[in-house]
Amino acid sequence: MLPWVEKYRPKTLDEVIGQENIVKLMKSFLKQKNMPHLLFAGPPGVGKTTVALAFANELFNGQLSGNFLELNASDERGIDVIREKVKEFARVIPQNDVGFKILFLDEADALTPEAQQALRRMMEVYSKQTRFILSCNYPSKIIEPIQSRVSILRFQPLTKKDIEKLVKRIAKEEKLELEEGVIDYLYEISEGDTRKILNILQGAAYLGKHITLENIKKISGAVFSEEMKGLIELLRKGEFKKAREQSIKLMVEYGVSGEEFLMSVYRTVLKMDIPDEEKAQYIEKIAEYNFRIVEGANERIQVDAFLSELLLLSKNR
Ligand SMILES: Nc1ncnc2c1ncn2[C@@H]1O[C@H](COP(=O)(O)OP(=O)(O)OP(=O)(O)O)[C@@H](O)[C@H]1O
Ligand SMILES: [Mg+2]
């Protein structure tokens, strides 16, 4: 059975939800049958790969083979794949009436700076016959000489309206009945990441066509605001040991990642009835630890250190 993420991947630009400015721009490239090198930047699951595929599909009339190549930079990290695979594809003259081919390089920010230099040279040498679309979560990890040679398109997290449209589209196709509050809840835990929503919804649908909030919670393993609120209250009272146990439970039993953990603290703190100054201190720490985790530091240790800092803050208050 096809995962819904694939089953409901838009085939044309018109089916893409949200990202209006980007879709408009891509449509104008389609009309001109021409495009510059592009850098798609934005969080996971907001349509970067989808837009590239839909665009290529329309541009090449469904003939992707030979005209469109998708590589994932994080699977085959390093300079060799760039030299070999990219070159092999990019240097061959296109056999189509568009006049160029497209190379889509997913997770380009996983490439080392050296590999990016090699890529940059190829983008120059073969630009006539091959246009590059690079995709990344963090554009700041792309070297400056590439950034200055591409048009950067920034994808936004989908809005609540967008998510509603998507979930209703699928509910109709799959004949699902949504309990009140399900869409709001999905939006809240997804951060606009459509992939997450589709996977959770598909999981919940296994449990029954009537989609209840309870089943969504079971499937998503998301950190419920209530539990996070409890954890923060414990730290405010100086109960480090209990708070830490709670954090381990969330991360180990529910499989919450370090980034999700911090995101949940962030959402919860904003809603809590505590002084603004205290919120500001928390947010500053959340930002700092989020950055460390994104840079690749060990998640468990970082979350522990984060809790320690919050504890110290509460002691000094
Ligand atoms: N804007 C959108 N409209 C409709 N469906 C979407 C949209 N964005 C994502 N999806 C759905 O979510 C799935 C994942 O999206 P996609 O692969 O495009 O994410 P991405 O932005 O490339 O993320 P990543 O950074 O993780 O590669 C798609 O298969 C599609 O079903
Ligand atoms: Mg992608």
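Numbering of residues begins from 1 in every chain and follows the order in which that chain's sequence is written. Going through the entries in the order they are written, you letter the chains from A and number the ligands from 1. In keeping with the predicted nature of the model, local features appear solely for residues at pLDDT of at least 70, side-chain atom pairs appear and are counted solely at 80 or more, and the whole-chain, interface and lining totals rest on all residues. With hydrogens and water excluded, all non-hydrogen atoms of the structure serve as input to the side-chain values.

1. Side note on the packing of aromatic side chains
- Centres within 6.5 Å make a pair out of two Phe, Tyr or Trp rings, where for Trp the six-membered ring is used; the pair is then stacked when the planes are under 30 degrees apart, edge-to-face when over 60, and tilted otherwise. The full count for this structure, using the stated rule, is 4 aromatic pairs.
- Between phenylalanine 40 and phenylalanine 155, the aromatic rings sit 5.0 Å apart at their centres with planes inclined by 50°, giving tilted as the arrangement. Highlighted residues: phenylalanine 40 in strand β1 (residues 38-41) and phenylalanine 155 in the loop between β5 (151-154) and α7 (160-174), separated in sequence by 115 residues. Taken as a pair, phenylalanine 40 and phenylalanine 155 share a single burial class, namely buried.
- Our definition puts a charge over a ring when NZ of Lys or CZ of Arg is within 6 Å of the ring centre and also within 35 degrees of the ring normal. One residue, arginine 131, lies across the ring of phenylalanine 100, its end atom 4.4 Å from the ring centre.
- Taking the ring centre of tyrosine 289 as reference, the NZ or CZ of arginine 292 above it sits at 4.4 Å. Only DSSP runs of H or I with at least four residues qualify as helices, and only runs of E with at least two residues qualify as strands; both kinds are numbered from the N terminus onward. Remark: exposure states derive from per-residue accessible area (1.4 Å probe, protein chains only) relative to the maximum for the residue type, with buried under 20%, exposed over 50%, and partly exposed in between.

2. Some remarks on the site of ligand 1
- Residues are classed as near a molecule or strand on a simple rule: at least one heavy atom within 4 Å of it. Taken together, 19 residues form the shell around ligand 1, and within it Val5, Ile17, Lys48, Thr49 and Thr50 come nearest.
- Any pair of nitrogen or oxygen atoms within 3.5 Å is treated as a polar contact; in protein, a donor-acceptor pairing is required on top of that, and neighbouring residues in sequence qualify only through side-chain atoms on both sides. Take lysine 48: an N or O atom from its side chain is 2.7 Å from an oxygen atom of ligand 1.
- Protein chains bury 95% of the 630 Å² of accessible surface belonging to ligand 1 in isolation.
- Every element with two or more residues in the shell around ligand 1 is listed here: α3 (48-59) and α9 (194-206). Here the accessible surface of atoms and residues is derived via Shrake-Rupley with a 1.4 Å probe, and residues count as covered only by protein chains that are part of the display.

3. Describing the side chain of glutamine 302
- Its location among the elements puts glutamine 302 in helix α15 (residues 299-316).
- Of the residues examined, glutamine 302 reaches a relative accessible area of 10% and is grouped as buried.
- The criterion used for residue contact is that any of the two residues' heavy atoms lie within 4.5 Å. Among all residues touching glutamine 302, those that are not within four sequence positions of it are Tyr289, Arg292, Ile293 and Ala297.

4. Here we look at the pattern of salt bridges
- One speaks of a salt bridge when a side-chain nitrogen belonging to Lys or Arg is within 4 Å of a carboxyl oxygen belonging to Asp or Glu. Per the stated rule, a full pass over the model turns up 18 salt bridges.
- The salt bridge involving lysine 27 is made with aspartate 14; its shortest N-O contact spans 2.5 Å. Remark: aspartate 14 occurs in the loop between α1 (4-7) and α2 (20-32) and lysine 27 occurs in helix α2; sequence separation between them is 13 residues.
- Classification of lysine 27 by relative accessible area gives partly exposed; the value is 35%.
- A salt bridge links arginine 300 to aspartate 304; the shortest N-O distance between them is 3.2 Å. Here aspartate 304 and arginine 300 lie together in helix α15, a separation of 4 residues that amounts to about one turn.
- Residue classification places aspartate 304 among the buried positions, given a relative accessible area of 19%.
- Taken together, the shared-partner salt bridges in this structure form one network comprising Lys285, Glu288, Arg292 and Glu309.

5. Some words on the environment of isoleucine 79
- The residue isoleucine 79 is located in helix α4 (residues 79-90) in this model.
- With 33 residues separating them in the primary sequence, isoleucine 79 and threonine 112 have C-alpha atoms 7.6 Å apart.
- Filtering out sequence-adjacent residues up to four positions away, isoleucine 79 remains in contact with Glu114, Ala115 and Ala118.

6. A few points about helix α5 (residues 113-125)
- Compared with the 18 Å implied by 1.5 Å per residue over 13 residues, the 19 Å span of α5 between its first and last C-alpha is a close match.
- Taken together, the buried positions of α5 are occupied by Ala115, Gln116, Ala118, Leu119, Arg120, Met122 and Met123.
- Where the residues of α5 are buried, they touch α4, β3 (101-106), β4 (130-136) and α6 (144-147). Take the number of residues in a helix, subtract one, and multiply by 1.5 Å to get its expected span.

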